[in-house]
Amino acid sequence: MEKSILFTSCTLGKLSMPGRLVRSATELFCAEPDGHVPAVETEEYRRLGKQPLGLIVTAHTCVSPEGRANPWQNAVWDDEFLPDAVRIADASQAEGVPAVMQLGHGGAKAEGHNGGLPVLTPDNMTESDIAALVRSFGAAALRAKRAGFSGIMLHGAHLYLLSRFFYPRFNHRTDRYGGSALNRFRVIREAAEEVKKTCGDAFPLLLKINGDDEAGTEEYHRDLVDALRSVSGCFDAVEISGWNSAPGGVPERPFFIDNIRRLRNEVELPLIEVGGFRSLAGMFEALEAGASAVSMSRPLLCEPDFPTKLRMSDDAVSRCRGCGFCYRPYPERGRLCCLRAEDPS
Ligand SMILES: Cc1cc2nc3c(=O)[nH]c(=O)nc-3n(C[C@H](O)[C@H](O)[C@H](O)COP(=O)(O)O)c2cc1C
Ligand code: SF4
């Protein structure tokens, strides 16, 4: 496979991208206590925007106050956050790389971080809570659109609220939001439809979702295939992550390559594979398996210019050692990655 495929324009659904390397959604854990975005984060997006990337996905940004997943998470639940969104959209897209804002609700992960507001889970929500949640995704998406983003991504992965709806072990509902795969996926479909209502059909819409469950069951795979088939044409691309989304250490190969290979044969939507890409070899393997693009998080935290290194050298290998330092709050660690002495602009 020629390396140039990573750096040549392509289209995923309605989203035009200058290449197939994606910066995966990555929280920097540095927002102000009120959810506003500090300069250190905007400057990181500016650095990423200068790289030969095809797409930048922002950190998951909270759509509703009770869903704040940690005290350092960015917010977009009110128009007061529009200027923050504008700064990130402008900084990331200044050199022509499109950026989409990832929208999420922490659900149970917001416990202890949402100022004592009710903690939402699939089992304790009324239908009117679900309707309000769906509306909050639509309103947040419209803010992202007004801020100048090229689209949005629904965070349906990693056991946040949308993700929990899809797992039977977290969703015991007996109404139309529980039971069958399509029922458990309904809240994601409704959020997507609401985004289309507020932002229009032409506004690109992506989804991130886990490609497996804890035990890697066939049942989960079949449910996911059914769910994704039900939204062909609704999402422009789906990023496939997994139950164990970011294992520590140095990966030998991309984490979810086998899932991509299977899904590719069964669903039509363009698939983005995320997780464990540290050199060109894994990226080629994923593209050959049927991924339309490949997505990285920690390699870009570690070396924001890693895409340039990949373009310049066939032998570039990420320095990320999977230590987990980047999961700590920024105010405590003081830099984005343990290997970065500082965060220069
Ligand atoms: C510090 C950190 C923050 C992350 N924040 C998000 C996030 O906001 N939304 C999301 O979908 N995934 C998030 N992830 C997961 C990554 O997008 C990615 O799925 C995972 O790290 C595997 O990719 P990697 O091996 O390239 O790091 C985060 C990962 C890290 C390390
Ligand atoms: S802090 Fe550790 S895990 Fe995070 S990007 Fe840096 S080396 Fe990788």
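Structure: see above.
Cut-offs used in this document
- Residues numbered from 1 in each chain as written.
- Chains lettered and ligands numbered in written order.
- Predicted model: local features only at pLDDT ≥ 70, side-chain atom pairs only at ≥ 80, totals over all residues.
- Helix = DSSP H or I, 4+ residues; strand = E, 2+ residues; numbered from the N terminus.
- Rg over C-alpha atoms; globule rule 2.2 N^0.38 Å.
- Contact = placed C-beta atoms within 7 Å.
- Pairing = 2+ DSSP bridges.
- Axes fitted to C-alpha atoms, helices over the stretch in contact; angles between N-to-C directions.
- Buried ≥ 20, exposed ≤ 12 C-beta atoms within 10 Å, placed from the backbone.
- Right-handed = clockwise from strand over helix to strand, strands pointing away.
- Parallel < 35°, antiparallel > 145°, perpendicular 65-115°, else oblique.
- Left-handed = near helix turned anticlockwise from the far one by under 90°.
- Nonpolar A, V, L, I, M, F, W, Y, C, P; charged D, E, K, R; others polar.
- Expected span 1.5 Å × (residues − 1).
- Core = buried A, V, L, I, M, F, W, Y, C linked by C-beta atoms within 7 Å.
- Near = placed C-beta within 6 Å.
- Arc of directions from axis to C-beta.

Asks: Please clarify how the overall build of the chain should be interpreted in this entry.
Replies: Of regular secondary structure, the chain possesses 11 helices and 10 strands. For a compact globule of 345 residues, the expected C-alpha radius of gyration is about 20 Å, and the chain comes in at 19 Å, within 12% of that figure. Nonlocal contacts in the chain, meaning residues at least 24 apart in sequence, comprise 73% of its contacts between residues at least 6 apart.

Asks: How should the environment of Met1 be read in this particular structure?
Replies: As for its placement among the helices and strands, Met1 is situated in the segment before strand E1 (10-12). The sequence separation of Met1 and Ile56 amounts to 55 residues, and the corresponding C-alpha distance is 24 Å. The residues touching Met1, leaving out its near neighbours within four places in the chain, are Phe284, Leu287 and Glu288.

Asks: Sorry, what's going on with the sheet that holds strand E6 (residues 151-156) here?
Replies: Sheets are built from strands that pair by backbone hydrogen bonding, the pairs being arranged parallel or antiparallel. Within the closed barrel, the eight strands sit side by side as E3-E4-E5-E6-E7-E8-E9-E10. Their pairing is parallel. Each adjacent strand pair in this sheet contributes to an overall mean axis angle of 25 degrees, direction not counted. As paired strands, E6 and strand E7 (residues 205-210) are joined by five bridges and run parallel to one another. Paired with His155 across the strands is Lys208, a residue of E7. Contacts from helix H7 (residues 257-266) reach strand E8 (237-241) and strand E9 (271-274) within the one sheet, and its direction differs from that of E9 by about 170 degrees.

Asks: When you look at the pairing of E9 in this model, what are you seeing that I'm missing?
Replies: It is a general feature of regular strands that their side chains alternate between the two faces of the sheet. Of the two faces of E9, the one holding Leu271 and Glu273 and the one holding Ile272 and Val274 are both buried throughout. Where E8 and E9 come together, three bridges link them in parallel fashion. The partner of Val238 across the bridge, within E9, is Leu271. In this fold, E8 hands off to H7, which returns the chain to E9; that crossover is right-handed. Here E9 runs beside strand E10 (residues 293-296); their pairing, made up of three bridges, is parallel. Counted as the bridge partner of Glu273 is Val294 from E10. A crossover connection joins E9 to the parallel E10 through helix H8 (residues 280-289); in handedness this β-α-β unit is right-handed.

Asks: Where do I start with the packing of helix H1 (residues 39-49) against helix H2 (residues 82-93) in this structure?
Replies: The packing of two helices is summarised by the inter-axis angle and the distance between the axes. It is at 6 Å that the axes of H1 and H2 come closest, and there the two elements cross at 25 degrees. The orientation of H1 with respect to H2, classified from their angle, is roughly parallel. Along this stretch, H1 crosses H2, giving a crossing that reads as right-handed. Contacts from Thr42, Tyr45, Arg46, Leu48 and Gly49 in H1 reach Arg87, Ile88, Ala91, Ser92 and Gln93 in H2. When its residues are assigned to classes, the contact of H1 with H2 shows four nonpolar, four polar and two charged.

Asks: Quick question: what am I supposed to make of H2 here?
Replies: Every α-helix winds through 3.6 residues per turn, so residues three or four apart in the chain are directed the same way. For H2, which comprises 12 residues, the first-to-last C-alpha distance of 16 Å matches the rise-based estimate of 16 Å (1.5 Å per residue) to within 8%. Every buried residue of H2 is listed here: Asp84, Ala85, Ile88, Ala89, Ala91 and Ser92. Here the buried face of H2 lies against H1, strand E4 (55-62), strand E5 (99-104) and helix H3 (127-147).

Asks: Explanation requested: the packing of H7 against H8 in the structure shown.
Replies: Packing of H7 against H8 brings their axes to within 9 Å, and their N-to-C directions diverge by 20 degrees. It follows that H7 is roughly parallel to H8 by the angle criterion. Crossing geometry of H7 relative to H8 is assigned as right-handed. Residue-level inspection shows Ile257, Ile260, Arg261 and Arg264 of H7 in contact with H8, the latter providing Glu285, Ala286 and Ala289.

Asks: Hey, could you run me through the nonpolar core in this one?
Replies: Formed by 101 residues in total, the largest nonpolar core has its most connected members in Val76, Phe137, Ile152 and Val238. The biggest single contributor to this core is H3, with eight residues. Discounting residues that sit within four places of it in the chain, Val76 has contacts with Thr61, Cys62, Val63, Phe81, Ala85, Leu103, Ala140, Arg143 and Ala144.

Asks: Whenever I open this one, unusual backbone geometry confuses me. Can you help?
Replies: You will see that Phe29, though not glycine, has its phi angle at about 55 degrees, which is positive. Its place among the elements puts Phe29 in the loop between strand E3 (21-23) and H1. Residues other than glycine seldom take positive phi values, yet Leu159 does so here, at roughly 65 degrees. Mapping Leu159 onto the fold places it in the loop between E6 and helix H4 (161-166). Given 17 C-beta atoms within a 10 Å radius, Leu159 is considered partly exposed.

Asks: Would you explain the site of ligand 1 in this entry?
Replies: Taken together, 24 residues form the shell around ligand 1, and within it Ser24, Ala25, Ala246, Ser297 and Arg298 come nearest. Counting residues per element, the ones that place at least two in the shell around ligand 1 are E4 and helix H9 (298-302).

Asks: I keep staring at H8 and nothing clicks. Help me out?
Replies: Turning to H8, its buried residues are Gly282, Met283 and Ala286. Burial along H8 is one-sided: seen end-on, the buried residues are contained in an arc of 100 degrees. Where the residues of H8 are buried, they touch H7, E9 and E10. A positive phi of about 115 degrees marks Gly290, the residue just after H8.

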